Amino acid sequence: MIRNLNVSKSELNKLLNDIILRKKKLSFSEAYSLMTYLLHLNEPYIVPTWTAVFASIQTRGVEEEEIVGFLEAFKDFTNFEINNLKKPKILDKEKIISLVGSGKDDIKTINVSTLSSIVLASLRKIRVVKHGSYGGSSVYGNRNILEAFGISTKNLKDLRLDVLEKEFIYFLPIEEFIKEFDRKYGGNFLFFHPLSYVLAGVLNPYYLDWLVMGITDFNRTMLSAKILKRYNYKGIVISGEIK
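Quick summary incoming for the structure in this document.

Conventions we followed
Residues numbered from 1 in each chain as written. Predicted model: local features only at pLDDT ≥ 70, side-chain atom pairs only at ≥ 80, totals over all residues. Heavy atoms only, no water. Helix = DSSP H or I, 4+ residues; strand = E, 2+ residues; numbered from the N terminus. Buried < 20%, exposed > 50% of the residue type's maximum accessible area, 1.4 Å probe, protein only. Contact = heavy atoms within 4.5 Å. Pairing = 2+ DSSP bridges. Salt bridge = Lys/Arg side-chain N within 4 Å of Asp/Glu carboxyl O. Axes fitted to C-alpha atoms, helices over the stretch in contact; angles between N-to-C directions. Parallel < 35°, antiparallel > 145°, perpendicular 65-115°, else oblique. Left-handed = near helix turned anticlockwise from the far one by under 90°. Nonpolar A, V, L, I, M, F, W, Y, C, P; charged D, E, K, R; others polar.

Another point: unusual backbone geometry. The backbone of Lys23 sits at a positive phi, close to 60°, despite the residue not being glycine. One can find Lys23 in the loop between helix 1 (9-22) and helix 2 (28-39). On the basis of relative accessible area, Lys23 is assigned to the partly exposed category, the value being 38%.

Listed below in structure tokens is the structure:
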């Protein structure tokens, strides 16, 4: 459900100018209104406008309330529940973990989180629910790797507990949960931006005991962890490249 913005288009256009030209810092409500506006733009305006806004905010330093405002707008646009599902009773005594990376790094590495998830599941000590997507800023995304091995990633929206119990790992394609958002956002942003701090981490729609998230800069890890705690993630491990 989209909240009532009570903001005119002219006010939003002025806000855009203030962000891009004057590096204005946004309140939660301004960030929410702006992201909602951006999500409803049509091509060919959406990508260049988003890029200008994200680049301006990232270069002057992003604020916590800006990220949360953007994330809440994403939630309302997609009806996506963040960390709001109960643990399946059949797995009450098991630990469930997800490993994910933010992407948007300068060096095009292998898909570390996918390979790490497979290795972790092979130890058969902890269950891995790995969410992923096709590659945007990386050479290969989670789905590219699986399909290269002949594993179909279509129609995997529902968590198969029998597979998770037997194999200790299950893969979820996030595009299937946020199709309209993905059409506007997916593959269009190749630099680290305000949503990169947490979006990849919160896109797993199922219960997690632990979330392990890698981002491209060690100096950004504390802000990511702080925001994830606001969404009631308890077991959080965030790693970052030391530059």
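On we go.
With that out of the way, let us pick up the side chain of Ser113. Mapped onto the elements of the fold, Ser113 is located in helix 5 (residues 112-122). In this structure Ser113 comes out as buried when scored by relative accessible area, which is 14%. Not counting residues up to four positions away in its chain, the partners in contact with Ser113 are Leu99, Val100, Gly101 and Lys130.

We now examine the pairing of strand 1 (residues 96-101). The buried fraction of strand 1 amounts to five of the six residues, a majority that puts the element mostly inside the structure. Bridging between strand 1 and strand 2 (residues 127-132) involves two bridges; their strand directions are parallel. Bridging from a neighbouring strand, Ile97 pairs with Val128 of strand 2.

Attention now moves to the pattern of salt bridges. Applying the stated rule across the entire model yields 16 salt bridges. Measuring nitrogen to oxygen at the nearest pair gives 3.2 Å for the salt bridge that ties Glu94 to Arg127. Here Glu94 is found in the loop between helix 4 (64-78) and strand 1, whereas its partner Arg127 is found in strand 2, with 33 residues between them in sequence. Taking the relative accessible area as the measure of exposure, Arg127 reaches 7% and is therefore buried. Lys179 is paired through a salt bridge with Glu176; the nearest N and O atoms lie 3.6 Å apart. Here Glu176 falls in the partly exposed class, since its relative accessible area comes to 22%. What emerges from the salt-bridge pattern is a single network uniting Glu64, Glu65, Lys226 and Arg230.

Here the focus is the packing of helix 4 against helix 10 (residues 221-230). At a minimum axis distance of 11 Å, the contact between helix 4 and helix 10 shows a crossing angle of 50°. By the angle between their directions, the pair helix 4 and helix 10 is classed as oblique. Viewed along their axes, helix 4 and helix 10 form a crossing whose handedness is right-handed. Residues Glu64, Glu65, Ile67 and Val68 of helix 4 lie in contact with helix 10, whose contacting residues are Leu223, Lys226, Ile227 and Arg230. Its residues assigned to classes, the contact of helix 4 with helix 10 shows four nonpolar, no polar and four charged.

Let us look at the environment of Tyr231. Secondary-structure assignment places Tyr231 in the loop between helix 10 and strand 5 (235-240). The spatial distance from the C-alpha of Tyr231 to the C-alpha of Ile82 is 7.2 Å, given a sequence separation of 149 residues. Ignoring anything within four residues of it in the chain, the contact list for Tyr231 reads Val68, Leu71, Glu72, Lys75, Ile82 and Asn83.

On to the packing of helix 1 against helix 2, then. Viewed as axis vectors pointing N to C, helix 1 and helix 2 meet at an angle of 105°, and their least axial separation amounts to 11 Å. When the axis of helix 1 is compared with that of helix 2, the two are roughly perpendicular. When helix 1 is examined against helix 2, the residues Lys9, Leu12, Asn13, Leu15, Leu16 and Ile19 are found in contact with a partner set consisting of Glu30, Ser33, Leu34, Tyr37 and Leu38.

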